[in-house]
Structures are given as structure tokens and as C-alpha cells.
Amino acid sequence: MSEASMLFSITVPGSTANLGPGFDSVGMALSRYLKLSVFDHDSWLFEAETDVVSGIPSGTDNLIYQTAKKVADDFGKTLPPVHVKVWSDIPLARGLGSSAAAIVAAIELANQLLELNMTDDQKLFYASEVEGHPDNAGASLFGGLLIGLHEEDKTHAVKVQHVDVDVVVVIPFYEVLTKDARDVLPEDFSYKHAVSASAVSNVLVAALMTQNWPLVGEMMNKDLFHQPYRTMLVPELSKVEHVASLKGAYGTALSGAGPTILTLVEKGKGEALKEQLAQNFPHCEVDLLTVPVEGVVVQHYPVNQVKNVL
């Protein structure tokens, strides 16, 4: 098949969710990416281009196809077959939004192939419906920071496009599956405990909206919803928090369900923190990320134009 038959590409950022107490409702885009390069073909084919996605299904059992088909079915249309090359540096099952990025990319794939002209609200609703909550999906869709609520018939979202902070992540090489991370959570809270946990979350959101980063960090460390229960799954969490605090970081939290640990630090100081954490945690990948202001980006290619863009 010729490279000249390329139709378009879809690039989607990864994301982090929760930032501590913003459980299932706060998401932030991160500068790790999933890219789909879409070509004409006579049957559905998914081809991995990086080791991160080397084990993905190559046919219609792929999550991207299944999600795109759901959108097509709801619109009463049939997806035309395509060859999709999948490039990603978002590690799987590490709490960096790999599945949400795939879902968002799949919705855009259906939107482009079928010329559905979906609104942002429609895309967010579909992504939240598949994911179960809007945090990762909304951040990947829009970029920046998103606070959201998904209900049966509507998804509500408040967006903050520009986030002026450095993000350092410590990524252990083991996986924590979302199901396992959910299983360690309590089935219910007492009323008193729920009020306290919600108050911490409320202050986090207020601090995020006003970009009061020292207060954001303080609230990240006070989470009562999930981190106290998931610490047993990620032994590095408390150690990273200690090292980062000594270096003046604002705050540290599990990224999503983990095991990735995310630290926020003053803009311009991320590189120094990255170097320190890399020394302290040589068994983990440590990276300095940014918060992209753009979410999904679609690029169309004229017929016979050959491009192979990351």
C-alpha cells in the first residue's frame, strides 16, 4: 500500500486524573501522545509503530475500532475500512490516560471517516460514556485542565486551557490495572468522612481555578478519597513525595490509578527536580512533561502527498 493513500492523522495527548482529591472529576493533559495515521484499505487493520502499543489487536477487536463503531452505530452509519498505524509513547496501565486517549482518538476517527461534524459536547459525552467519567477523556479532548461531571444524559465540564506549572512524573515499570486499583477502595464512606473528603476536593478545584499552586499542592497531599488506600499498591508514592517536598515541589499525587507518580513544581524548576528524582529512583522512568493547551489535532493530507509526521 502506498504512503500516498494516507487520508489524515489524529494526534491526542495523554493525561493525568484526580490530582489527589479530584477523584474521577479532575483531569489534566500531558505531553505524551497517541497518533493514528489513517490510510485507505480494503479491510480494517491496526499496525503498531512503537513498542508501547506492540501488543494491540490488529483487527476489529481493537478498542479503537469498537469505540468508533459505537459512534457510527448511534448515527446509523457504517464505518469504511481503513488501515490505521498507531504510534504512542503513553505507557499502558500506568495511570497516564492511555485508554482515554485511544477512546478520544476513536471518536475522532469515526467523526472524520463519516463526516459527522460532531460538536465538542457530543465528543465529550461519548468519551465519558465509554470511560465512565470525564477526567482523562476531557483533558485529552480539549487539552489543559478539565473539571467535569458525567451524568446519564449529559456531561458537564469546566476548562482551564493554560496551566503554568512544570510536571515531573516517576513511572514505575510495573502495571497497576484500574480494576485492581478500584478493588482496594472502600465500598462506602461515613457521612462525616465524605464531607471532609469533599471539602478537600472543593478547595483543590478553587485553587486550580485561581492557579494557587502552593494550595493545590497542599490539597493534593490531603486526599481522602483514594490515595490512602492505593499506597499499598505503589510503595514509591510516599518516597517520591518526600524527595520532591525537599526540592520545593508544590505537591505530589498518584496519576490516575497509578503507578505513575506526578509532582507539580514551579515553572522552570522541573528539570532540576527530574534529575534529583532520577537519581533517587533509578528503577523508574522519570520525565519532565508539559501541559499542552491543545487536545485532539487532526491533520488532513492532500492526495499523493507523502508525509510521515509524529
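Residues numbered from 1 in each chain as written. Predicted model: local features only at pLDDT ≥ 70, side-chain atom pairs only at ≥ 80, totals over all residues. Heavy atoms only, no water.

1. Digging into the overall build of the protein chain
Operational definition: Strands here are runs of E lasting at least two residues and helices are runs of H or I lasting at least four, both read from the DSSP assignment and numbered beginning at the N terminus. Remark: exposure states derive from per-residue accessible area (1.4 Å probe, protein chains only) relative to the maximum for the residue type, with buried under 20%, exposed over 50%, and partly exposed in between. Contacts between residues were defined by any pair of non-hydrogen atoms, one from each residue, lying within 4.5 Å. Only the protein chains shown count as cover for residues, and the accessible areas themselves come from Shrake-Rupley with a 1.4 Å probe. Neither His nor the chain termini are counted; the positive set is Lys and Arg, and the negative set is Asp and Glu. The atoms used to mark charge sites are NZ of Lys, CZ of Arg, CG of Asp and CD of Glu.
Across its full length, the protein chain carries 10 helices and 11 strands. Structurally, the protein chain occupies a C-alpha span of about 55 × 45 × 35 Å along its principal axes. Among the 310 residues that make up the protein chain, the fraction classed as buried is 52%. Pairs at least 24 residues apart make up 75% of the contacts formed inside the protein chain by residues separated by at least 6 positions. Per element, the accessible surface of the protein chain, about 13600 Å² overall, is 51% carbon and sulfur. In the protein chain, 21 side chains carry a positive charge and 38 a negative one; their mean positions are 3 Å apart.

2. Quick notes on the packing of helix α6 (residues 191–210) against helix α7 (residues 213–220)
Filter applied, for reference: Axis lines are fitted through C-alpha atoms, for helices just across the contact stretch, and the angle between N-to-C directions can take any value from 0 to 180 degrees. Any angle that is under 35 degrees is reported as roughly parallel, and any over 145 degrees as roughly antiparallel; angles of 65 to 115 degrees are reported as roughly perpendicular and all others as oblique. The sense of a crossing depends on the near helix, which, turned anticlockwise from the far helix by less than a right angle, makes the crossing left-handed and, turned clockwise, makes it right-handed. Ten residues, namely Ala, Val, Leu, Ile, Met, Phe, Trp, Tyr, Cys and Pro, are considered nonpolar, four, namely Asp, Glu, Lys and Arg, are considered charged, and the remaining ones, Gly among them, are considered polar.
Interhelical geometry of α6 versus α7 gives an angle of 155° and a closest axis separation of 8 Å. The orientation of α6 with respect to α7, classified from their angle, is roughly antiparallel. For α6 against α7, the interelement crossing comes out left-handed. The segment α6 lies against α7, with Val200, Val203, Leu204, Ala207 and Leu208 engaging Trp213, Leu215, Val216, Met219 and Met220. Of the residues belonging to the contact of α6 with α7, the class tally is 10 nonpolar, no polar and no charged.

3. Considerations on the side chain of Thr260
Heads up, the rule is: By the criterion applied in these results, polar contacts are pairs of N or O atoms within 3.5 Å in which, for protein atoms, one can donate a hydrogen and the other can accept it, and in which residues neighboring in sequence qualify only through two side-chain atoms.
Positionally, Thr260 belongs in the loop between β8 (251–254) and β9 (261–265). Among the polar contacts listed, one links the side chain of Thr260 to the backbone oxygen of Arg94, at a separation of 2.7 Å. Each residue touching Thr260, except ones within four places of it in the same chain, is listed here: Arg94, Leu96, Val169, Val170, Ile171, Pro172, Ala253, Leu254 and Ser255.

4. Considering α7
This is how the line gets drawn: Throughout, the arc means that of the directions going from the helix axis to the C-beta atoms.
Within α7, burial applies to Trp213, Val216, Gly217, Met219 and Met220. What you see down the axis of α7 is that its buried residues fit within an arc of 165°, all on one side. If you follow the buried residues of α7, they end up packed against α6, α8 (227–230), β8 and β9.

5. Some details on the sheet that holds strand β10 (residues 285–289)
Note the cut-off: Strand pairing is defined by DSSP finding a minimum of two bridges between the two strands.
The strand order across the open sheet built from four strands is β8-β9-β7-β10, with neighbouring strands paired in antiparallel fashion. Whereas interior strands pair on both sides, the edge strands pair on one side only; in this sheet they are β8 and β10. Sheet twist, expressed as the mean angle between neighbouring strand axes with direction ignored, is 20°. Relative to β9, β8 runs antiparallel, the two being bridged by four bridges. Bridging from a neighbouring strand, Leu254 pairs with Ile261 of β9.

6. Overview of the layout of surface pockets
Heads up, the condition is: Here a cavity denotes grid points, spaced 1 Å and computed from the protein atoms alone, that fit a 1.4 Å probe unable to get out, and a pocket denotes an open set having protein on both sides within 12 Å along at least 5 of 7 lines; residues with an atom within 4 Å of a point are the lining. Grid points are joined across faces, edges and corners, and a volume is the space filled by probe spheres set on the points.
Of the voids in this model, the largest pocket is the one considered here, and its volume is about 670 Å³. Of all elements in the fold, only β1 (6–18), β2 (22–40), α1 (63–74), β4 (82–88), α2 (98–113), α4 (135–142) and α5 (178–183) reach the threshold of two or more residues within the lining of the largest pocket. Class assignment for the residues of the lining of the largest pocket results in 18 nonpolar, 12 polar and six charged.

7. A word on unusual backbone geometry
Following Gly258, the chain continues into Pro259 via a peptide bond in cis, with omega recorded as 5°. Within the secondary structure layout, Pro259 lies in the loop between β8 and β9. The backbone phi angle of Asn18 is positive, close to 85°, even though this residue is not glycine. Note on placement: Asn18 falls in strand β1. Judged by its relative accessible area of 3%, Asn18 falls in the buried class.

8. Points about the environment of Gln66
Here Gln66 is to be found in helix α1. Between the alpha carbons of Gln66 and Ala106 there is a distance of 8.3 Å; along the sequence they are 40 residues apart. In contact with Gln66, other than residues within four places in its own chain, are Thr60 and Asp61.

9. A short note on helix α3 (residues 120–131)
For the record, the criterion: The span expected for a helix works out to 1.5 Å for each residue beyond the first.
Taking 1.5 Å of rise per residue, 12 residues should cover 16 Å, and α3 covers 16 Å from first to last C-alpha, within 8% of that figure. All of the buried residues in α3 are Lys123, Leu124, Tyr126, Ala127, Ser128 and Glu131. The elements touched by buried residues of α3 are α1, α2, α4, β5 (145–150) and β6 (155–160). The first or second residue beyond α3 is Gly132, which carries a positive phi of 100°.

10. Focus on the packing of aromatic side chains
Basically, it comes down to this: Pairing of aromatic rings covers Phe, Tyr and the six-membered ring of Trp, with a centre-to-centre limit of 6.5 Å; geometry is then stacked below 30 degrees between planes, edge-to-face above 60, and tilted otherwise. A positively charged side chain is recorded as over a ring if its NZ (Lys) or CZ (Arg) lies within 6 Å of the ring centre. The angle to the ring normal must also be within 35 degrees.
Considering all chains together, one arrives at five aromatic pairs under this definition. The rings of Phe23, Phe189 and Phe225 are connected pair by pair, giving a single aromatic cluster. Above the plane of the ring of Phe142 lies Lys159, whose end atom (NZ or CZ) is 3.9 Å from the centre.

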